[in-house]
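# Fold and contact review
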Amino acid sequence: MNVSSDAPQDPATTTKCAAQGDTTHCSLRAAIMFGNGRNGSHIINFVGVTSITVINGGLPQMRAPFTINGNRVTINGNGRSCLDLTDSGTAGLGHADGATGSKIFNLNIGNCNGNGISANGHNYTFSGNYIGVNATGAVAMPNTGDGISLSASRVYPDTSSGFLSNLYSQFPVQPVDASAVNAFQSQLATTLASLQPVFVNGNVISGNGGDGIEIFSQNLAAVFVSGNMIGTDLTGNIAIANGGNGVNLTGTTFGNMIGPGNVISGNNGNGINDVSGAVFLPNFIMGNRIGLSAANQAVHVGNALSGIYVDSKPDTSGASFNPSFTAAVIGPANLISDNKGANNNAFPDTGADYAGVMITGASNGVKVLYNTIGLAEFPTGTPINSAAFGNKGDGIIVTTTGNSITGNTVSANARHGITVRGSSTNSTSITNNLVGISAKFPNATTLGNGVDGIHIETAASTTVGGPGASDRNVVVANKRNGIKLYNGGGDTSGWANLFQRNRVYGNAKTLAGVDIDLEHSPNAADFDHGEFPPNYANRDQNTPQICTGTEVSGPCIGAAAPGNSGANTLARWTITSHGPANFRMEFYSINAATTAAATSMVFLGEQLVTTDATGRPASSGACSGARCTATLPPVSSGRRIVMTATDVTPLTNVPSGANTWQGQLKCFLGNNGIILSACNANNTSEYSNVVAITGGDVLFANGYDL
């Protein structure tokens, strides 16, 4: 292609590309027309041309395989449509699959009416292009539609449940850190080769009127988007906003991978908008910078709304049942910070419409794994000790059932770290997260979220922590409460929220609060009280009481304070709750007079007991006269003990759907989105009173226990 004119192919010339009126030269329009009418694939190279202005109507649709080596040539759409590829071709010319297999490299495409590139079909590659910006990569040259719009009308030969199950069985192992993401991407592309992947890599896609990239249709899968600047200039440090989202997945597209290496910032919508609906296989989002600039910590280029917005669920139809039970995998190694969407309601316990990650709509089976949400790294891999890059809303919001949040650092966000809300929201799993601190800066207490670390509002059957050592969450340094339960509704909402083996301490940094807060005394300790099950969250599970050795009434009369005895520490305790019921008591040591003042918390162990009809511990084993003795590992003199109580009464015999809180209960099974019809009660209390240890000194490991 050696002329900048927009002339069509000369109709009298059939053996070569020839611009009408100048048959010694080949224009881009003529090259497309000539290739569409000839069999085989075609290569378009540019010689002696720097720019092309479209004047003779939209460019012809590309209906044959083309490789365009752009050589940084600018296509100025001049208000007309630009590159349009389709998989509908002419079989007689050997183009039965149209433009399938086409590749477009190193073009600058702007001022187009509609999308910079529209591509219907599979097996395309778009690399090194500037779409929506000029040849410098720094000045907007907007297309009115999307930067790149990908769709497919031709169905895949087989998306049956058997085919999908076999395909999923070959998926690479889920990575847990940045070091394995590139290998995962490569292996996934190989696994999905039969779906004819599309590759979008190394482009600048900014300044467009619509989305940066749209991926649409259940007939389109295995799109790999990596190494792009989406919503910024070439450097990734200056916002050149796309009018919509950075990346938009919609129309049940599946098996796509966004990342690694994308900078998705500065967009006027969400960074990534995954509204793909019911998907046959999960979509993956790994290794991206979402809301942060590429390398300049002096600038703030966050997306205008949320970092990632998800409304997606696994397809459960018999014909194409999603074998993974997973709709989206977010992580590992996404940096999701500095996004600008904030809630307009000053009261932090209502609303919360924007977040680093928002999981809402009909979502189910969404996994948020091993990301950093609210903190920054400049460059990637070099974290900074600053709260300046928190998302302006919450870190993570969940408003739907059956999703999991695992292994993330969620700190420095303006509102809550993790919010789970809605009376119909249940079975959320929250495990192994750092909420309000960072493992890179374990002694920093200035990185807490602006209100609560974990905020659960009317939701039920939320699992925070678990029985394994790696299940526990560390919730420290948040401005108000560590974990807060809010808006319990008796038999309709706010019950069966399990807190197990977490380290929740050192919160209430600037606002009135406690480390675990049920709403009986909002943002303050409950201590021993009569339960009011119909009215409060977790059915107002009462706290246990550790005997102090000074009681003048009740079961603790005559009991010694916690103390070291030989190789163990003995703690006597009691509770006034409900029964008959089964309880798990968990014991922790701290290094201060209150959990909020503590800078260290260590899990000591647990004890299983039953209560009688009066709600007091039944006499058996370690319990007698409504008082129990716990034998714990040795604790240093001068440290203190605190405990929680969790009702773990089995409810499996309650008919599913019964009009009681037990019958409505649902439980989360593992990390795969499967919801059980019934489970244990799992109502956890606030912390008990804090009591000092007496007796001889023993060695003890301080620190954050990360």
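Rules used in this analysis
- Residues numbered from 1 in each chain as written.
- Predicted model: local features only at pLDDT ≥ 70, side-chain atom pairs only at ≥ 80, totals over all residues.
- Heavy atoms only, no water.
- Core = buried A, V, L, I, M, F, W, Y, C linked by side-chain atoms within 4.5 Å.
- Buried < 20%, exposed > 50% of the residue type's maximum accessible area, 1.4 Å probe, protein only.
- Helix = DSSP H or I, 4+ residues; strand = E, 2+ residues; numbered from the N terminus.
- Contact = heavy atoms within 4.5 Å.
- Disulfide = S-S within 2.5 Å.

Below, the discussion takes up the nonpolar core. By size, the foremost hydrophobic cluster in this structure holds 119 residues, and its most contacted members are Phe126, Leu150 and Ile215. It is helix H1 (residues 28-36) that provides the largest number of residues to this core, a total of 5 residues. In contact with Leu150, not counting residues within four places along its chain, are Ala119, Phe126, Val198, Val200, Glu214, Ile215, Phe216, Leu220 and Val223. In this structure, Ile546, Ala581, Val609 and Ala630 belong to the second largest nonpolar core, which totals 20 residues.

Here we come to unusual backbone geometry. Residue Pro379 is bonded to the preceding Phe378 through a cis peptide linkage, with omega at -10°. Here Pro379 lies in the loop between strand S26 (372-373) and strand S27 (394-398). Of note, the phi angle at Ala496 is positive, near 60°, even though the residue is not glycine. The buried category is assigned to Ala496, whose relative accessible area is 3%. Backbone geometry at Asp540 places phi at a positive 55°, although glycine is not the residue there. Tracing the chain through its elements places Asp540 in the loop between strand S39 (516-517) and strand S40 (545-546). Overall, Asp540 belongs to the buried group, its relative accessible area being 0%.

Let us look at the environment of Ala183. Topologically, Ala183 is positioned in helix H3 (residues 181-191). For the pair formed by Ala183 and Val173, sequence separation is 10 residues and the distance between their alpha carbons is 10.0 Å.

Now for the environment of Gly231. Its location among the elements puts Gly231 in the loop between strand S14 (229-230) and strand S15 (247-250). Classification of Gly231 as buried rests on a relative accessible area of 0%. Considered as a pair, Gly231 and Pro617 are 386 residues apart in the sequence and their alpha carbons are 61 Å apart. Setting aside chain neighbours within four positions, we find Gly231 in contact with Ile205, Ser206, Ile238, Ala239, Ile240, Ala241, Asn242, Ser265, Gly266 and Asn267.

The next point concerns the state of the cysteines. Counted by the stated rule, this structure contains 4 disulfides. Here Cys82 engages in a disulfide with Cys112; their sulfurs sit 1.9 Å apart. Between Cys82 and Cys112, the disulfide has an S-S torsion of -90° and is therefore left-handed. Here Cys82 is found in the loop between strand S3 (66-76) and strand S4 (83-86), whereas its partner Cys112 is found in the loop between strand S5 (103-110) and strand S6 (117-120), with 30 residues between them in sequence. In this model, Cys547 is linked to Cys556 through a disulfide, with the two sulfur atoms separated by 1.9 Å. Residues Cys547 and Cys556 are joined by a disulfide whose S-S torsion is about -70°; by sign, that bridge is left-handed. Pair check on accessibility: Cys547 and Cys556 agree, each one buried.

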